[in-house]
Amino acid sequence: MESSDGGGWRRMVMVLYVAVSMVGSGWCSKFDELVQPSWATDHVIYEGELLKLKLDNSSGAGFASKSKYLYGKVTAELKLVEGDSAGTVTAFYMSSDGLNHNEFDFEFLGNRTGEPYLVQTNLYINGVGDREQRMDLWFDPTADFHAYSILWNPRQVVFLVDDTPIRVFPNREDRGVAFPRDQAMGVYSSIWNADDWATEGGRVKTDWSHAPFVATFRGLRIDGCEWAPEAGGPVELRRCGGSGWGKEGRYWWKEKAMEALSVHQSHQLIWARANHLVYDYCNDPARFTTHPPECGK
Ligand SMILES: *[C@@H]1O[C@H](CO)[C@@H](O)[C@H](O)[C@H]1NC(C)=O
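So, how was this worked out
- Residues numbered from 1 in each chain as written.
- Predicted model: local features only at pLDDT ≥ 70, side-chain atom pairs only at ≥ 80, totals over all residues.
- Heavy atoms only, no water.
- Helix = DSSP H or I, 4+ residues; strand = E, 2+ residues; numbered from the N terminus.
- Buried < 20%, exposed > 50% of the residue type's maximum accessible area, 1.4 Å probe, protein only.
- Contact = heavy atoms within 4.5 Å.
- Areas by Shrake-Rupley, 256 points an atom, 1.4 Å probe, with all protein chains shown as cover.
- Polar contact = N/O pair within 3.5 Å; in protein donor to acceptor, adjacent residues only side chain to side chain.
- UniProt positions renumbered as here; feature names shortened; annotations may be inferred.
- Phe/Tyr/Trp six-rings, centres within 6.5 Å; stacked < 30°, edge-to-face > 60°.
- pLDDT = per-residue confidence, 0-100.
- Near = heavy atom within 4 Å.
- Nonpolar A, V, L, I, M, F, W, Y, C, P; charged D, E, K, R; others polar.
- Pairing = 2+ DSSP bridges.
- Axes fitted to C-alpha atoms, helices over the stretch in contact; angles between N-to-C directions.

## Some points on the overall build of the protein
Move 1: Regarding its fold elements, the protein presents four helices and 17 strands.
Move 2: A burial count over the protein gives 49% of its 297 residues as buried.
Move 3: Within the protein, counting contacts between residues at least 6 apart in sequence, those at least 24 apart form 66% of the total.
Move 4: For the protein, the computed accessible surface area is about 15100 Å², with 54% contributed by carbon and sulfur atoms.

Shown next, in the form of structure tokens:
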């Protein structure tokens, strides 16, 4: 009796242990399992749970994912440069390689102490960008960590801030608008000096007496179909683009519920745009002689 009870207890502990370590494999995965410094290694600083990117007058810094992905959702928990961040840009983005590349950008445009950071989003599709939108935020992004996510599936690309969608690029291939669907993308971040354009259109310059400028990451989560280059493009396109299960588990980011915003999310998007939108390329006829077709009427 006693020994079988003991075995039961050990099995129970084992099951609990496996369950806990599986939960841990998502949010808590170490940065260095997913990413590596991409430039200025000495400006990329690991501090326990945190990863810091540092900009000073010698260099900015960046990191890049070790793998590429076709569809998925990526999230970074990020605390932006405190105090005077004017002239600096911190970016969190996905990008493919090559001339006709695709890219989904979060660019955080710094500002003087007390003035609001702006979040610029942009999409490049087949090498063509010029799709900027700018928003301010409903919180101080330098005071604490907030989650910034990009969801990408065959129906839409969604930018989210703390799970609130701030921008949607729906698949409008039926109207002849190109949609990113056949290039695997890496996940990147960087900080650099952009005082030729970032703050008040470039009028406010970086004040190097306030360097170093530091952006801090606490968590990075990549749920996506990891692209295996050796398998060959057509094979991977089918595997990651098709429906069903893969070695990453169920491709939940492509499921029905992910194909469009929920009613609640649509309301959140309307709220965010109504209260925080600063600029939208869709409403800038001075810049575009022909109305961008993806913008609707
Ligand atoms: C910086 O602050 C000024 C003044 O509040 C504001 O007009 C501007 O949009 C802010 N952001 C940037 C990136 O210039």
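## Comments concerning the side chain of E77
Move 1: Within the element layout of this structure, E77 appears in strand 5 (residues 69-79).
Move 2: A relative accessible area of 16% places E77 in the buried class.
Move 3: Here R218 takes part through its side chain, which lies 2.6 Å from a polar atom of the side chain of E77.

## Notes on the UniProt feature "active site" (unreviewed entry) in the protein
Move 1: UniProt's entry tags E103 and E107 with the feature "active site" (unreviewed entry), counted in the numbering of this structure.
Move 2: In this fold, E103 is placed in strand 7 (residues 103-109).
Move 3: In this structure E103 comes out as buried when scored by relative accessible area, which is 14%.
Move 4: Of the polar contacts made by the side chain of E103, one reaches the side chain of H101; its length is 2.8 Å.
Move 5: Mapped onto the elements, E107 comes out in strand 7.

## What to know about the environment of A184
Move 1: Along the chain, A184 turns up in the loop between strand 12 (164-170) and strand 13 (186-193).
Move 2: Spatially, the C-alpha atom of A184 lies 8.9 Å from that of L237, the residues being 53 residues apart in sequence.
Move 3: For A184, the residues in contact, after removing those within four places along its chain, are K68, Y69, L70, S95, S96 and W227.

## A closer look at the packing of aromatic side chains
Move 1: Under the criterion given, the structure shown has 15 aromatic pairs.
Move 2: Ring centres of F106 and F108 lie 5.9 Å apart, and the angle between their planes is 5°; on these two criteria the pair is classed as stacked.
Move 3: In this structure F106 comes out as buried when scored by relative accessible area, which is 0%.
Move 4: Aromatic pair Y281 and F288: ring centres 6.0 Å apart, planes at 75°, arrangement edge-to-face. There is no split in this pair, since Y281 and F288 are both buried.
Move 5: Within the aromatic cluster, the residues linked to one another by ring pairs are F106, F108, Y148 and F159.

## Here's the deal with the confidence of the model for the protein
Move 1: In the predicted model, the protein carries a mean pLDDT of 90, and the fraction of residues at 70 or more is 88%.
Move 2: Across residues 1-6 the pLDDT falls below 50, and counting only partners more than four positions away or on other chains, this stretch makes zero contacts in the model.
Move 3: Considering only residues more than four positions removed or in separate chains, one finds that residues 15-28, a stretch of pLDDT under 50, has six contacts.

## Considerations on the site of the ligand
Move 1: Every residue lining the ligand is accounted for by L109, G110, N111, E115, P116, L118, A198, T199 and E200.
Move 2: The contact in question runs from an oxygen atom of the ligand to an N or O atom on the side chain of N111, over 2.4 Å.
Move 3: Contact with the protein chains hides 71% of the accessible area of the ligand, taken as 360 Å² for the molecule alone.
Move 4: Class assignment of the residues belonging to the shell around the ligand gives a composition of four nonpolar, three polar and two charged.

## Digging into the sheet that holds strand 3 (residues 50-55)
Move 1: Sheet architecture is open: seven strands sit in the order 2-3-14-5-10-11-12, paired in antiparallel fashion. In this open sheet, the two strands that pair with only one neighbour each are strand 2 (44-47) and strand 12. Strand-to-strand twist across the sheet, computed as the mean angle between neighbouring axes with direction ignored, equals 25°.
Move 2: The pairing of strand 3 with strand 14 (residues 213-226) spans five bridges and is antiparallel. Within the sheet, the bridge partner assigned to L53 lies in strand 14 and is A215.

## Observations concerning the pairing of strand 4 (residues 61-65)
Move 1: With five of five residues buried, strand 4 lies mostly within the body of the structure.
Move 2: Taking every second residue as pointing to the same face, both faces of strand 4 are buried, with A61, F63 and S65 on one and G62 and A64 on the other.
Move 3: Of the strand pairs in this sheet, strand 4 and strand 13 are connected by four bridges, and their pairing is antiparallel. Within strand 13, the position partnered with A64 by the bridge is Y188.

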